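Letter by letter, the chains look like this.
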Amino acid sequence: MKIGVYPGSFDPFTVGHLDVLKNAAPLFDKLYVAVLYNVSKSASFSVADRVTMIENVIRAEGLDNVVSGTFDGLLVEYARSIGARYIIRGLRATSDFEYEFQIDAINRHLNDGIQTVYFMANPAHSFLSSSNVKEIGSYGGDLHGLVPEYNLNFIRERLARQ
Ligand code: ADP
């Protein structure tokens, strides 16, 4: 069985994340979308809220082979624990590349049996990040087209409370 893991903060999950997920899902028997909860990285959405948004995506998009997950600590350890031999990441700009290049070297050092597969961002969403969404949302700006429609109200409500 070919198992992959798409890890990230997903704080919140955007249509850019969705592009990557839709492209990656058909390549695997099972693909985990795993929320990293990292004490050193402050998140705006709780882990439970981020998982809820991912589960809405899985249901609404009919991604039957995709499941949500959470992890902290080393990604390669999490991947090993779920039997994943492939990590999925998205690349938007050269700055993403620099970062991913370093992380890949470290992950290979830790476990060279796990390969990372990269998807180039959809050009229409190459500017899009969770940080943009939070900034726009916190000022009451229009989030249409930046996050999946079915998560729009959930995200608006959560950001309004902050
Ligand atoms: P992390 O903190 O691990 O980078 P993110 O939630 O910011 O978590 O991103 C998760 C993954 O999705 C990363 O590989 C990132 O490059 C990718 N990604 C984020 N936004 C986009 C986008 N607009 N298009 C394509 N890939 C994206």
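Refer to the structure presented above.
Residues numbered from 1 in each chain as written. Predicted model: local features only at pLDDT ≥ 70, side-chain atom pairs only at ≥ 80, totals over all residues. Heavy atoms only, no water.

**Things to note about the sheet that holds strand β3 (residues 66–71)**
At step 1: If you trace the five strands from one edge of the open sheet to the other, you get β3-β2-β1-β4-β5, paired in parallel fashion. Every other strand in the sheet has two partners, leaving β3 and β5 (115–120) as the edge strands with one partner each. Between one strand and the next, the sheet's axes are offset by a mean angle of 30 degrees, whatever the strand orientation.
At step 2: Two strands pair when backbone bridges link them, and strand β1 (residues 3–8) and strand β4 (residues 86–91) are joined in this way by two bridges, in the parallel orientation. Each bridged residue has a counterpart across the sheet, and for Val5 the counterpart in β4 is Ile87.
At step 3: Contacts between helix α2 (residues 47–61) and the sheet are confined to β2 (30–36) and β3, with β3 contributing the most and set at about 170 degrees to the helix. (Pairing = 2+ DSSP bridges. Helix = DSSP H or I, 4+ residues; strand = E, 2+ residues; numbered from the N terminus. Axes fitted to C-alpha atoms, helices over the stretch in contact; angles between N-to-C directions. Contact = heavy atoms within 4.5 Å.)

**Brief notes about helix α4 (residues 94–110)**
At step 1: Between its terminal C-alpha atoms α4 stretches 24 Å, which fits the 24 Å expected from 17 residues at 1.5 Å a residue.
At step 2: Of the positions making up α4, those classed as buried are Asp96, Glu100, Asp104 and Asn107. Looking straight down α4, one finds that the buried residues subtend no more than 70 degrees of arc, so they occupy a single side. The exposed residues of α4 that point more than 90 degrees off its buried face are Thr94, Ser95, Glu98, Phe101, Gln102 and His109.
At step 3: Summarising the contacts, the buried residues of α4 are in contact with α3 (75–82), β4 and β5. (Expected span 1.5 Å × (residues − 1). Buried < 20%, exposed > 50% of the residue type's maximum accessible area, 1.4 Å probe, protein only. Arc of directions from axis to C-beta.)

**Describing the site of the ligand**
At step 1: Surrounding the ligand, one finds 17 residues, the nearest of these being Tyr6, Ser9, Lys41, Gly90 and His125.
At step 2: A distance of 2.7 Å separates an oxygen atom of the ligand from a polar atom in the backbone of Gly90.
At step 3: When the ligand sits alone it has 550 Å² of accessible area, and the protein chains cover 90% of it.
At step 4: Elements that contribute at least two residues to the shell around the ligand include exactly β1, α1 (15–24), β4 and α4. (Near = heavy atom within 4 Å. Polar contact = N/O pair within 3.5 Å; in protein donor to acceptor, adjacent residues only side chain to side chain. Areas by Shrake-Rupley, 256 points an atom, 1.4 Å probe, with all protein chains shown as cover.)

**A word on the layout of surface pockets**
At step 1: Estimated volume of the largest pocket: approximately 1100 Å³.
At step 2: Together, 47 residues line the largest pocket, and Gly8, Ser9, Lys41, Arg89 and Tyr99 are the ones closest to its centre.
At step 3: When contributions to the lining of the largest pocket are tallied by element, the ones reaching two or more residues are β1, α1, α2, α3, β4, α4, β5 and α5 (130–138).
At step 4: Ranked by the residues each element gives to the lining of the largest pocket, the list is headed by α4, at eight residues.
At step 5: Residue composition of the lining of the largest pocket, by class: 21 nonpolar, 16 polar and 10 charged. (1 Å grid on protein atoms, 1.4 Å probe; cavity = no way out; pocket = protein on both sides within 12 Å on 5 of 7 lines; lining within 4 Å. Points joined across faces, edges and corners; volume = space filled by probe spheres on them. Nonpolar A, V, L, I, M, F, W, Y, C, P; charged D, E, K, R; others polar.)

**A short note on α1**
At step 1: Most of α1 is tucked away: eight of the 10 residues are buried.
At step 2: Along α1, the residues classified as buried are Val15, Gly16, His17, Leu18, Asp19, Val20, Leu21 and Ala24.

**A closer look at the packing of α2 against helix α6 (residues 152–160)**
At step 1: Contact geometry for α2 and α6: axes closest at 11 Å, N-to-C directions at 165 degrees. By the angle between their directions, the pair α2 and α6 is classed as roughly antiparallel. Between α2 and α6 lies a crossing whose hand is left-handed. On α6, the residues touching Asp49, Thr52 and Met53 of α2 are Phe154, Ile155 and Arg158.
At step 2: Among the residues forming the contact of α2 with α6, the class breakdown is three nonpolar, one polar and two charged. (Parallel < 35°, antiparallel > 145°, perpendicular 65-115°, else oblique. Left-handed = near helix turned anticlockwise from the far one by under 90°.)

**Overview of the side chain of Asn56**
At step 1: For Asn56, the location among the structural elements is in helix α2.
At step 2: The exposure class of Asn56 is buried, given its relative accessible area of 17%.
At step 3: In this view, Asn56 contacts Tyr150 and Asn151; residues no more than four positions away in its chain are not counted.

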